[in-house]
Amino acid sequence: MVGGAWGGPLRRLASMGMKPLERRGRAGLSLRGAGRTLISTNHRAECSDPPGPAGAHLDRLVPLVEDFCNLDDDELRESCFQAFEAFLRNKAFLILPYRCPKEMGPHVPSVTSLCLQYVKHDPNYNYDSDEDEEQMETEDSQFSEQESEDEYSDDDDMSWKVRRAAAKCITALIGSRPDLLPDFHCTLAPVLIRRFKEREENVKADIFTAYIMLLRQTRPPKGWLEAMEEPTQTSSNLHMLRGQVPLVIKALQQQLKDRSLRARQGCFNLLTELAGILPGSLAEHMPVLVSGRLDRPQPGIIFSLADRSSSSTIRMDALAFLQGLLDTEPAEAFHPHLPTLLPPVIACVADPFYKIAAEALLVLQELVRALWPLDRPRTLDPKPYIGEMSAATLARLRATDLDQEVKERAISCMGHLVGHLGDWLGDDLEPTLLLLLDRLRNEITRLSAIKALTLVAVSPLQLDLKPILAEALPILASFLRKNQRALRLATLAALDALAQSQGLSLPPSAMQAVLAELPALINESDMHVAQLAVDFLATVTQAQPASLVEVSGPVLSELLRLLHSPLLPAGVLAAAEGFLQALVGTRPPCVDYAKLISLLTAPVYDQAVDGGPGLHKQVFHSLARCVAALSAACPQEAASTANRLVCDARSPHSSTGVKVLAFLSLAEVGQVAGPGPQRELKAVLLEALGSPSEDVRAAASYALGRVGAGSLPDFLPFLLEQIEAEPRRQYLLLQSLREALGAAQPDSLKPYAEDIWALLFQRCEGTEEGTRGVVAECIGKLVLVNPPFLLPRFRKQLAAGRHTGVGKAAQLGGRPHTRSTVITAVKFLISDQPHPIDPLLKSFIREFMESLQDPDLNVRRATLAFFNSAVHNKPSLIRDLLDDILPLLYQETKIRRDLIREVRSRTGDPGEDATSHASLVEMGPFKHTVDDGLDVRKAAFECMYSLLESCLGQLDICEFLNHVEDGLKDHYDIRMLTFIMLARLATLCPAPVLQRVDRLIEPLRATCTAKVKAGSVKQEFEKQDELKRSAMRAVAALLTIPEVGKSPIMADFSSQIRSNPELDALFESIQKDSASAPSTDSMELS
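Residues numbered from 1 in each chain as written. Predicted model: local features only at pLDDT ≥ 70, side-chain atom pairs only at ≥ 80, totals over all residues. Heavy atoms only, no water.

Per an unreviewed UniProt entry, the protein chain is named Cullin-associated NEDD8-dissociated protein 2, and its organism is Saguinus oedipus.

Next up, the structure:
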């Protein structure tokens, strides 16, 4: 049917050819009809299988449309460019930036040439006369220009439509072919810049849009990770763009004072994008942007700021643009223009329209922050400006009948003024602080006032805040009892800043009121609040130790209870360590060292000897960190503490919990305790590795590695000898080696690198997968010691693993465990943070990914796990390789019948899932199947899910959907993944999903209506319920796609859901959950 829909229009167009000019009207009609057919049919057919007819006919259709452009018919030309735009945007609905269809690639040069020709197609207007007028401009030039435009306007002139269509086509060209950016900068950019003088407002807006698209495509990727990609090409594009800046400024100079609001808004939008891409590039052009021209000052930004004759929108746009400039341009560029720039900003602050006043206050705040920064010496004298800025802000601050946004902006602006220029306020400082104090008492403005007070407190100006401290502190203390979380967080930040800046100036009585509120905040109900509270306590301990005398008991009680939480975040633990160190670090100490150690360890030492660890494992690590923090704060106590811990670990009377805590504490304390206790540790730690308690063995293994990292010459050779001599304890000893490699300095490990490397690769072929995993992690950490030397060795190890032994079978098999271990080690080289190894690792990725073709299942599974880690943490490593990797990845999603086998087991239900795993036990009456390829297949689908999140722009969604569709009928785990992917795809790229929705509904319907066999175990019912819920979420996501209700199969399934009470209740539940998310559209069963 699709082919038939296409056949008629294309045959007519092909047979029409270049008919005589008198028949061009009919040709245009046919072309427009074919264009509409192209767009609608292509959207339905492009992702179908086999592919739709768009690409098959583009080679015939595009030249024909190009020929039509040469006919003298502007309406026909417009249709031609609209058709080109449709061809180029063929996949624009998938993701931005969209990709040009490959069939359109050969025609891009000719289409570009036509766009360049017709974007300036204006036969009824002479632009050269405008340039002459600009050189001879007089005071009434604006009115002359308007009259000139009126003279040339013609209701019958259709050429503007051609120019607009050509501009839109240029936008599609730039968006669809980012690989041609260097060429576009050479060919399209100069023409677009010259066309900024376009006389037709709608066309000018589209020309601005096209150039903005060029800017956005040139923008370097955000973040450290993407910035590493192709620096040469990115730098080249930015260099060409930097060369265009003077031309852009010259072309926009006249537009900045255009009477058309839309033209000026377009200028501001374009300049904002340009400044964001090339920070600092507009500094030398500031005279033009602010005043209009260099030779004779005329309105630029100032013209729009002072323009009260039109809508307030242009003033808000000018203020927003100015705020952006203050962020991207150096402060020195604004110094000469501040006398002329500040008055209109001040006038906007006093504007009666609240939106303009709020935006102006934000600009004034940015002016203060940018021109008088706190982190470097002042280069601009604030004296001529401080009075005017302060008066304008105070006028807004004192007013009580203002909009809430204006009140908040005025308070924030005053906070910046006082924080940055408070030393210039003189006698106005105290009244200003009292005004902030008054706003602190107001429920509506208190949050903004707290943030402003924080700015003042952290200022390096060290302003005297005594006039308000006595009253402010009790008010802040009362806020700590409020339920508003944001208020409590801001209050704690303000209190900490005040304690750091004011110190002994804080009134003791007021501080007692504040400290009395803190014990209630130190609990696990809100860990962030608890962290800020503990940080504040540490600051107060250092600033006013005497203040803690009365509250140290309740505070410590709550803190110790918090340390027993298994969910303790690292930030809270670090804050607790800092507070404990502050307690023993004052002179005299607020709390005795021995007493604190006793309080920390009492819950462990007081439990029964044979009661097991008792507390959660994480709690032991937290307590050990605190013991080590106290030892670091009191170095004179560290040795005796370590000795006592060794005795506790060795004592046969110690409970399991005591031994675990002792070893974990030694792991931390041992690095600061000196060589004395470490000499005794070897025997104690080795003995503990044979303990019957798994927790003790794990703690001793951890301690051996951590202590060894602090004394490598003494411990590392000993550890390597033990690994060789104790094969039964190999797993624990390798874990110790892993900890040592992770904790030691890289340079200190280099002398031992060769010995460690040899030892590890001797154990790559071990039979235990867990041991091989630890070996892989050790290898990964070892490579980080010297990446340029060790990483290339992976290539040799992989090759050796493939070609070990004799004969053809050995050539194919080799040492698969070694290969999988090497690939797993590569995974441990990838982190979500920047690392010097990243560029080197990227150069080896292609070779590592070749292991997807390895004959061994475990090697392929390890490669997929490594690939998934790269996609998730550092997608820049693999983006350029996706064209080669994706076919191999998709191959692993297919069910391989040769990997499915039948086995017999002693027990089991013959009605279980036919693809479920079972142990290979060949006895008993029941048969079931085992799919040896399931783990690899599941890993492949997990990679697909990660690609969807981080590399959507590089995917062919139609091909991707083919494999998602197959996964909807696979094993339970894979179906769960594909249901989630389908829901995500319905949001990210609804059009291709809509095209095959009929095929997607059937497996969803089968899952939602499936019944568990009677007599099945409870887990089977739970598994089926979870599957149904996940499938229904996918259905709900599909229902958010516009026009999905036109599908008969979807409409039928919707009716089935409504008519089934169980499914209807499930759908309603999911709909309510989705409605609670702010970004989720409502879902209708219609």
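In terms of helices and strands, the protein chain carries 53 helices and two strands. Relative to its full complement of 1086 residues, the protein chain shows a buried share of 53%. The long-range share in the protein chain, meaning contacts at least 24 apart out of those at least 6 apart in sequence, stands at 73%. Here the protein chain has roughly 47,600 Å² of accessible surface; of this, 52% comes from carbon and sulfur atoms. (Helix = DSSP H or I, 4+ residues; strand = E, 2+ residues; numbered from the N terminus. Buried < 20%, exposed > 50% of the residue type's maximum accessible area, 1.4 Å probe, protein only. Contact = heavy atoms within 4.5 Å. Areas by Shrake-Rupley, 256 points an atom, 1.4 Å probe, with all protein chains shown as cover.)

Relative to the helices and strands, lysine 874 resides in the loop between helix 44 (857–873) and helix 45 (882–891). Within polar-contact distance, the side chain of lysine 874 engages the backbone oxygen of serine 831 at 3.5 Å. (Polar contact = N/O pair within 3.5 Å; in protein donor to acceptor, adjacent residues only side chain to side chain.)

This model, assessed by the stated rule, comprises 12 aromatic pairs. When the centroid spacing of 5.8 Å and the interplanar angle of 65 degrees are considered together, the rings of phenylalanine 81 and tyrosine 118 count as edge-to-face. On the criterion of sequence distance, the pair formed by phenylalanine 81 in helix 4 (residues 74–88) and tyrosine 118 in helix 5 (residues 108–118) is long-range, its members being 37 residues apart. Each member of the pair phenylalanine 81 and tyrosine 118 is classed as buried. Among the aromatic residues, those joined into a ring-pair cluster are Trp757, Phe761, Phe794, Phe844, Phe848 and Phe866. Between arginine 793 and the ring centre of tryptophan 757, over which it is positioned, the NZ or CZ distance is 5.5 Å. Seen from the ring of phenylalanine 828, lysine 827 lies directly overhead, with NZ or CZ sitting 5.3 Å from the centre. (Phe/Tyr/Trp six-rings, centres within 6.5 Å; stacked < 30°, edge-to-face > 60°. Lys NZ or Arg CZ within 6 Å of the ring centre and 35° of its normal.)

Let us look at the nonpolar core. Residues Phe81, Phe84, Tyr211, Phe663, Leu737 and Phe794 are the most contacted members of the largest nonpolar core, which totals 343 residues. Per-element accounting of this core gives the leading share, 11 residues, to helix 18 (residues 354–371). Among residues more than four places away in sequence, those in contact with tyrosine 211 are Ala189, Leu192, Ile193, Phe196, Leu241, Gln244, Val248 and Leu270. (Core = buried A, V, L, I, M, F, W, Y, C linked by side-chain atoms within 4.5 Å.)

Looking at the secondary structure, you find valine 936 in helix 46 (residues 934–950). For valine 936, a relative accessible area of 4% translates into the label buried. Taking C-alpha positions, valine 936 is 5.0 Å from arginine 861, a pair spaced 75 residues apart along the chain. For valine 936, the residues in contact, after removing those within four places along its chain, are Leu857, Arg861, Leu864 and Glu892.

The subject of this paragraph is the confidence of the model for the protein chain. Across the protein chain, the average pLDDT comes to 82, with 83% of residues at or above 70. Within the model, the stretch residues 91–100 combines pLDDT values under 50 with 37 contacts to residues more than four positions away or in other chains. A low-confidence stretch, residues 907–923 (pLDDT under 50), is modelled with 30 contacts involving residues beyond four sequence positions or located in other chains. (pLDDT = per-residue confidence, 0-100.)

Two numbers describe how helix 32 (residues 656–669) lies on helix 34 (residues 694–710): the axes approach to 8 Å, and their chain directions differ by 15 degrees. By the angle between their axes, helix 32 is roughly parallel relative to helix 34. Crossing geometry of helix 32 relative to helix 34 is assigned as left-handed. Packed against helix 32, whose contacting residues are Thr656, Lys659, Val660, Phe663, Leu664, Leu666, Ala667 and Glu668, the element helix 34 presents Asp695, Val696, Ala699, Ala700, Tyr702, Ala703, Arg706 and Val707 at the interface. (Axes fitted to C-alpha atoms, helices over the stretch in contact; angles between N-to-C directions. Parallel < 35°, antiparallel > 145°, perpendicular 65-115°, else oblique. Left-handed = near helix turned anticlockwise from the far one by under 90°.)

Take the pattern of salt bridges next. Tallied over the full model, the rule gives 53 salt bridges. Across the pair aspartate 72 and arginine 77 runs a salt bridge, and its minimum N-O distance is 3.9 Å. Judged by relative accessible area, arginine 77 falls into the buried class, the value being 6%. In this structure, the salt-bridge partner of aspartate 258 is lysine 204, at a minimum N-O distance of 3.7 Å. With a gap of 54 residues between them, aspartate 258 in the loop between helix 12 (231–253) and helix 13 (261–277) and lysine 204 in helix 10 (residues 201–218) connect regions that are remote in the sequence. In terms of burial, aspartate 258 and lysine 204 fall into one category: buried. Among the charged side chains, a network of salt bridges with common partners joins Asp122, Arg163, Arg195, Glu198 and Arg199. (Salt bridge = Lys/Arg side-chain N within 4 Å of Asp/Glu carboxyl O.)

A disulfide bridge is the covalent bond that connects two cysteines by way of their sulfur atoms. Going through the model one piece at a time under the given rule, you end up with zero disulfides. Cysteine cysteine 115 is unpaired, with the sulfur of cysteine 169 as its nearest cysteine sulfur at 3.5 Å. (Disulfide = S-S within 2.5 Å.)

With that settled, the discussion passes to helix 9 (residues 181–194). Compared with an ideal rise of 1.5 Å per residue, which puts 14 residues at 20 Å, helix 9 spans 19 Å between its outermost C-alpha atoms and is within 8% of the ideal. Remark: the principal bend of helix 9, roughly 40 degrees, maps to leucine 188, with a proline, proline 190, within the next four residues. Considered for burial, the residues of helix 9 that qualify are Leu181, Phe184, His185, Leu188, Ala189, Val191, Leu192 and Ile193. (Expected span 1.5 Å × (residues − 1). Bend = angle between axes of the 7 residues up to and from the residue.)

Okay, helix 34 next. Its 17 residues place the ends of helix 34 25 Å apart at the C-alpha level, agreeing with the 24 Å of an ideal helix rising 1.5 Å per residue. The set of residues buried in helix 34 consists of Val696, Ala699, Ala700, Ser701, Tyr702, Ala703, Leu704, Gly705, Val707, Gly708 and Ala709.

Moving on, we get to the packing of helix 9 against helix 10. How two helices sit against one another is set out by the angle between their axes and by the gap between those axes. Packing of helix 9 against helix 10 brings their axes to within 11 Å, and their N-to-C directions diverge by 155 degrees. In this view, helix 9 runs roughly antiparallel relative to helix 10, as classed from their interaxial angle. In the crossing of helix 9 with helix 10, the sense of the turn from one axis to the other is left-handed. Counted together, Leu181, Phe184, His185, Ala189, Leu192 and Ile193 of helix 9 and Ile207, Ala210, Tyr211, Leu214, Gln217 and Thr218 of helix 10 form the full contact between these two elements.

With respect to the element layout, serine 1047 can be found in the loop between helix 51 (1018–1038) and helix 52 (1048–1059). Other than its neighbours up to four places away in sequence, serine 1047 contacts Val997 and Asp998.

A few words on unusual backbone geometry. For glutamine 462, which is not glycine, the phi torsion reads 50 degrees and is therefore positive. Here glutamine 462 lies in the loop between helix 22 (446–458) and helix 23 (466–479). Taking relative accessible area as the criterion, glutamine 462 reaches 51% and is therefore assigned exposed. Its identity is not glycine, yet glutamate 1043 carries a phi of approximately 70 degrees, on the positive side.

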